[in-house]
Amino acid sequence: MNAKDKIYHERTFDDEKLTCPKCGWSGTGDQAHVAGFYGIGKFKEALCPNCSEYLGNILREQSKGKNDRLDSQTGPI
């Protein structure tokens, strides 16, 4: 599967087994670099900690604020 097609769930990402197609690094999600974009999008990007190769997307969990409303920056999924 192409890394651009891979979507991980935020809740289980730390335990996912990852392999970098560029440099061969392998490890778990908690060892990867994660780019979060400060709450702007619905996804975070998982990157190889050795060479910064893109490894896939992480679907953000919906966060609820006051009055049990969805986070206005990411909206409904």
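Residues numbered from 1 in each chain as written. Predicted model: local features only at pLDDT ≥ 70, side-chain atom pairs only at ≥ 80, totals over all residues. Heavy atoms only, no water.

**Notes on the sheet that holds strand E6 (residues 54-59)**
On the basis of which strands lie adjacent, the open sheet formed by four strands has the order E1-E6-E5-E4 and mixed pairing. In this open sheet, the two strands that pair with only one neighbour each are strand E1 (7-9) and strand E4 (33-35). Between one strand axis and the next, the sheet turns through 35° on average, direction left out of account. Alignment of E4 against strand E5 (residues 43-47), held across three bridges, turns out to be antiparallel. Of the residues in E5, the one forming a bridge with His33 is Leu47. (Pairing = 2+ DSSP bridges. Helix = DSSP H or I, 4+ residues; strand = E, 2+ residues; numbered from the N terminus. Axes fitted to C-alpha atoms, helices over the stretch in contact; angles between N-to-C directions.)

**Some thoughts on the confidence of the model for the chain**
For the chain, mean pLDDT is 81; residues scoring 70 or higher make up 69% of the total. Mean pLDDT in the chain bottoms out at E5, which sits at 92, and peaks at strand E3 (residues 26-28), which reaches 97. Note on residues 71-77: pLDDT under 50 across the span, and 17 contacts to partners over four residues away in sequence or across chains. (pLDDT = per-residue confidence, 0-100. Contact = heavy atoms within 4.5 Å.)

**Comments concerning the packing of aromatic side chains**
For the coordinates displayed, the defined rule picks out one aromatic pair. Ring geometry for Tyr8 and Phe13: centres 5.4 Å apart, planes at 65°, overall edge-to-face. Here Tyr8 matches Phe13 in class, with each residue buried. (Phe/Tyr/Trp six-rings, centres within 6.5 Å; stacked < 30°, edge-to-face > 60°. Buried < 20%, exposed > 50% of the residue type's maximum accessible area, 1.4 Å probe, protein only.)

**Re the nonpolar core**
By size, the foremost hydrophobic cluster in this structure holds 10 residues: Tyr8, Phe13, Leu18, Cys20, Trp25, Ala32, Ala46, Cys48, Leu55 and Ile58. Aside from chain neighbours lying at most four places away, what touches Phe13 is Tyr8, Leu18, Gly29, Asp30, Ala32, Val34, Ala46 and Ile58. (Core = buried A, V, L, I, M, F, W, Y, C linked by side-chain atoms within 4.5 Å.)

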